[in-house]
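Chains, contacts and geometry: an overview
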Amino acid sequence: MTAPGILGKFFDREFRAEFLSTLILVLLGNGSVAQYKFLNKGTTAGGPPEPFLSINFGYACAVTFGAYLAAGVSGAHMNPAVSLALAVIKKFKWGKVPKYIVAQMLGGFFGALLLFVVYIDRLMESGALLDEESYSGIFSTFPNGETSTGGQLLDQVVGTFLLMLIVCALIDNNNSAPPPGVTPILVGGTVFSIGLSFGTNCGYAINPARDFAPRLATAILGYDKVFERGDYYFWIPIVGPIIGAILGAVTYMFLIEETSTKLLSCAADEAEPTDIVTSNGASDNDEVEMAKTAA
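Here the structure is a predicted model, which means the values were calculated and not measured.

1. Topic: the packing of helix 3 (residues 53-70) against helix 9 (residues 183-202)
It is at 8 Å that the axes of helix 3 and helix 9 come closest, and there the two elements cross at 155 degrees. Classified by the angle between their axes, helix 3 and helix 9 sit roughly antiparallel to one another. In terms of crossing hand, the pair formed by helix 3 and helix 9 is right-handed. Within the contact between the two elements, helix 3 uses L53, N56, F57, Y59, A60, V63, T64, A67 and Y68 and helix 9 uses P184, I185, V187, G188, V191, F192, G195 and L196. Taken together, the residues that form the contact of helix 3 with helix 9 break down as 13 nonpolar, four polar and no charged.

2. Let's talk about the nonpolar core
The biggest cluster of nonpolar side chains holds 20 residues, and the ones touching the most others in it are L25, Y59, V63, L163, V191 and Y204. Among the secondary structure elements, those contributing two or more residues to this core are helix 2 (13-40), helix 3, helix 8 (149-170) and helix 9. With six residues, the single largest contributor to this core is helix 3. Core analysis: the second largest hydrophobic core is formed by 18 residues, A34, F38, L115 and I138 among them.

3. Here we look at the packing of helix 2 against helix 5 (residues 97-118)
Across the interface, helix 2 lies against helix 5 with an axial gap of 7 Å and an inter-helix angle of 35 degrees. Note that helix 2 runs across helix 5; the crossing there is right-handed. Here the residues of the contact of helix 2 with helix 5 sort into 13 nonpolar, seven polar and three charged.

4. Overview of the packing of aromatic side chains
To describe a pair of aromatic rings, you give the distance between the ring centres and the angle between the ring planes. Applying the stated criterion across every chain, the model contains 14 aromatic pairs. Arranged with centres 4.7 Å apart and planes meeting at 70 degrees, the rings of F92 and Y100 form a pair that is edge-to-face. By relative accessible area, F92 is classed as buried at 0%. Taking the centre distance of 6.4 Å and the plane angle of 85 degrees together, the rings of F116 and Y223 count as edge-to-face. Note that F116 is positioned in helix 5 and Y223 in the loop between helix 10 (208-221) and helix 11 (229-232), a separation of 107 residues in sequence. Each member of the pair, F116 as well as Y223, carries the same accessibility label: buried. Among the aromatic residues, those joined into a ring-pair cluster are F19, F109 and F110. For R215, the ring lying beneath its charged end belongs to F142, and the centroid distance is 4.9 Å.

5. Re a nonpolar patch on the surface
Taken together, the side chains of Y232, W235, V239, I243 and L247 make up a nonpolar region of the molecular surface, amounting to roughly 430 Å² of accessible area. For the nonpolar patch, the element with the most residues is helix 12 (residues 236-255), which contributes three residues. The residue W235 is located in the loop between helix 11 and helix 12 in this model.

6. Considerations on the pattern of salt bridges
Under the criterion given, the structure shown has five salt bridges. Where E14 meets K99, a salt bridge forms, and the shortest distance between an N and an O atom there is 2.8 Å. Taken together, the residues span a long stretch of sequence, with E14 in helix 2 and K99 in helix 5 at a distance of 85 residues. Using a relative accessible area of 1% as the deciding quantity, one classes E14 as buried. Close ionic contact of E257 with K91 constitutes a salt bridge, the shortest N to O distance being 2.8 Å. One end of the pair, E257, is in the loop between helix 12 and helix 13 (260-265); the other, K91, is in the loop between helix 4 (80-88) and helix 5, and 166 residues separate them in sequence. Residue K91 is classed as buried on the basis of its relative accessible area of 6%. The network of salt bridges with shared partners includes D12, E14, K96 and K99.

So, how was this worked out
- Residues numbered from 1 in each chain as written.
- Predicted model: local features only at pLDDT ≥ 70, side-chain atom pairs only at ≥ 80, totals over all residues.
- Heavy atoms only, no water.
- Axes fitted to C-alpha atoms, helices over the stretch in contact; angles between N-to-C directions.
- Helix = DSSP H or I, 4+ residues; strand = E, 2+ residues; numbered from the N terminus.
- Parallel < 35°, antiparallel > 145°, perpendicular 65-115°, else oblique.
- Left-handed = near helix turned anticlockwise from the far one by under 90°.
- Contact = heavy atoms within 4.5 Å.
- Nonpolar A, V, L, I, M, F, W, Y, C, P; charged D, E, K, R; others polar.
- Core = buried A, V, L, I, M, F, W, Y, C linked by side-chain atoms within 4.5 Å.
- Buried < 20%, exposed > 50% of the residue type's maximum accessible area, 1.4 Å probe, protein only.
- Phe/Tyr/Trp six-rings, centres within 6.5 Å; stacked < 30°, edge-to-face > 60°.
- Lys NZ or Arg CZ within 6 Å of the ring centre and 35° of its normal.
- Patch = residues over 30% accessible without salt bridge, like charges linked within 9 Å, V, L, I, M, F, W, Y side chains within 5 Å.
- Areas by Shrake-Rupley, 256 points an atom, 1.4 Å probe, with all protein chains shown as cover.
- Salt bridge = Lys/Arg side-chain N within 4 Å of Asp/Glu carboxyl O.

Written as structure tokens, this is what we have:
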């Protein structure tokens, strides 16, 4: 296959869908963090504080709308940990994992850059970044000072474990999977619930593309020590979600799903892309097929 043919196969509809849906996820989700930061900037003057709940709602909507955007094309993973976990349980081709992760990371990176441009008048003054330590938290997460490294890692593992466990239930047609058009709302609701329960520990990143890619963008933009802060916390929202997602998928497969034995015995190369939002998968020739996510 020629180089243009290889590139065309890599940057196909699935790639573009994952890129754009993750961009929307970061742009809207982190945009809610920006609003929270800017509105709370004036609370010292006696104004009522903007509640953290606004971020919970913002990210729930961001996940929902990103899912609607890409569901019928790529499956709307929007999260490298989800793609890896699905590949581990053989519901997603390992050969497509690199393509999905690159698309998701690029989406998160450019989503953060676009958000910076939108808020540039409030983030910069006379060519200098304002309040770097506080506003860098708009783009990537940082831990609460009262949490330990072990507690931070556990927070990310448990949060992503719950996300993946519930997603597996939502796409299991042998369980009580909802109608396809409803699932994005319930996935968004899952993220909303995780934020309500664990949000103030570490910002509930539960997604390397939502945290590492924007963190890299802020480092390029000139924000200081975004990788060093929190005792080099940056690796935790990468490793923790991957561990948690794999544990969630494997736990559901062994404890709930009826077809675990069959799934383990099937070849990974035969697995079709798993759609975490509907029962539609997309083949390489851009034809949308109906495929059950559980045998």
